[in-house]
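# Fold and geometry: a report
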Amino acid sequence: MIEFLNVIIQWPILPATVLLGLVSLYWILVIVGAATHDVLDLHLDHEWEIDLDIDSHHSLLHWGLAGLKWFNLRDVPFMIWMSALALPAWLVSVTFDQHLSHLTVWEIIAINLRNFGIGLFAAKILTQPLKGKLKFVEPHPATNLIGKQITISNEATTTTGHALYPTGEGAPLQLNVRTTEGTIPKGTLAEIIDYDPVTNLYTVIRIDRG
């Protein structure tokens, strides 16, 4: 056992061992309840606006993101994808590299590029059945609430306020709301007219009955 541990913490196996160790630590934390599946999870669904032009129609980033998508990186939770990458890369390294020694820096880099390249394709194969099936779908997207009626649960002003939106599926959503001007008393019906994703605030106006 000690001999094996000494092998996996030596070059060129060390990078794959470190990655697998970090992934394993994450799942241990999830199992014992110290973390959720969202902790340390990178969400790659945002539209990037960096533009490194090659020509008028494409960019380096465009091709890079297309490549990541082909490998399913944006279609499964990040830590599951990383696990599917780390384990095959580590197994390849342990299988083929444990007897190598006296390597140059460039040889170590080349070996790890090979191992993680194999890991990439292994991740593609392993995650293909999960593609699109484990992504969280928000049941009530904020933008879909614009135009909906809510009930003010805590007096709403330009600086404070809370409201309830009935979902029809149990407990109502509790929203942080602000008015454009004036005050809307507790218990009053209001309408959502805007949403600020940066502050997570909904702008509301009073609904006049009658």
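Provided above is the structure to which this section pertains.
Anyway, here's the lowdown on the structure attached to this text. (Residues numbered from 1 in each chain as written. Predicted model: local features only at pLDDT ≥ 70, side-chain atom pairs only at ≥ 80, totals over all residues. Heavy atoms only, no water.)

Okay, the overall build of the protein next. Secondary structure assignment for the protein yields 5 helices and 5 strands. Going from the N terminus to the C terminus, the protein shows its helices and strands as α-α-α-α-α-β-β-β-β-β. Sorting the 210 residues of the protein into buried and exposed places 32% on the buried side. Look at the contacts in the protein between residues 6 or more apart in sequence, and 58% of them connect residues 24 or more apart. A total of about 13,800 Å² of accessible surface is found on the protein, and carbon and sulfur atoms cover 63% of it. (Helix = DSSP H or I, 4+ residues; strand = E, 2+ residues; numbered from the N terminus. Buried < 20%, exposed > 50% of the residue type's maximum accessible area, 1.4 Å probe, protein only. Contact = heavy atoms within 4.5 Å. Areas by Shrake-Rupley, 256 points an atom, 1.4 Å probe, with all protein chains shown as cover.)

Turning to unusual backbone geometry, a few remarks are in order. A cis geometry characterises the amide bond from Trp11 onward to Pro12, with omega recorded as 5°. Assignment of secondary structure puts Pro12 in the loop between helix H1 (2-8) and helix H2 (14-32). Phi at His102 takes a positive value of approximately 55°, unusual for a residue other than glycine. Its location among the elements puts His102 in the loop between helix H4 (78-97) and helix H5 (105-127). Look at Asn200: it is not a glycine, yet its phi comes out positive at around 60°. Looking at the element boundaries, Asn200 is found in the loop between strand E4 (189-196) and strand E5 (201-206). Looking at Asn200, the relative accessible area reads 38%, which means it is partly exposed.

Before going further, it helps to examine the sheet that holds E4. Taking strand neighbours around the barrel as the criterion, the 5 strands line up as E1-E2-E3-E5-E4 in a closed arrangement whose pairing is mixed. Recorded for the sheet is a direction-independent mean angle of 55° between the axes of neighbouring strands. Inspection of the sheet shows strand E1 (residues 149-154) paired to E4 by 3 bridges, in the antiparallel sense. Among the inter-strand pairings, Ile150 is bridged to a residue of E4, identified as Ala190. (Pairing = 2+ DSSP bridges. Axes fitted to C-alpha atoms, helices over the stretch in contact; angles between N-to-C directions.)

Residues Leu25, Ile28, Leu29, Ile31 and Val32 make up a contiguous nonpolar surface patch of about 490 Å² in total accessible area. With respect to the helices, strands and loops of the structure, Ile31 is situated in helix H2. A relative accessible area of 72% means that Ile31 is categorised as exposed. (Patch = residues over 30% accessible without salt bridge, like charges linked within 9 Å, V, L, I, M, F, W, Y side chains within 5 Å. Salt bridge = Lys/Arg side-chain N within 4 Å of Asp/Glu carboxyl O.)

The tally for this structure, following the rule as stated, stands at 1 salt bridge. Between Arg114 and Asp97 there is a salt bridge, with its nearest N and O atoms 2.8 Å apart. Here Arg114, found in helix H5, pairs with Asp97, found in helix H4; they are 17 residues apart in sequence, far enough to count as distant. By relative accessible area, which is 35% here, Arg114 ends up partly exposed.

Below, the discussion takes up the packing of H2 against H4. Viewed as axis vectors pointing N to C, H2 and H4 meet at an angle of 140°, and their least axial separation amounts to 9 Å. Relative to H4, H2 is oriented oblique. At the point where H2 passes H4, the crossing takes the left-handed sense. In this structure, H2 uses Ala16, Thr17, Leu19, Leu20, Val23, Tyr26 and Trp27 to contact H4, whose residues at the interface are Met79, Ile80, Met82, Ser83, Leu85, Ala86, Leu87, Ala89, Trp90 and Ser93. Residues belonging to the contact of H2 with H4 are distributed by class as follows: 14 nonpolar, 3 polar and no charged. (Parallel < 35°, antiparallel > 145°, perpendicular 65-115°, else oblique. Left-handed = near helix turned anticlockwise from the far one by under 90°. Nonpolar A, V, L, I, M, F, W, Y, C, P; charged D, E, K, R; others polar.)

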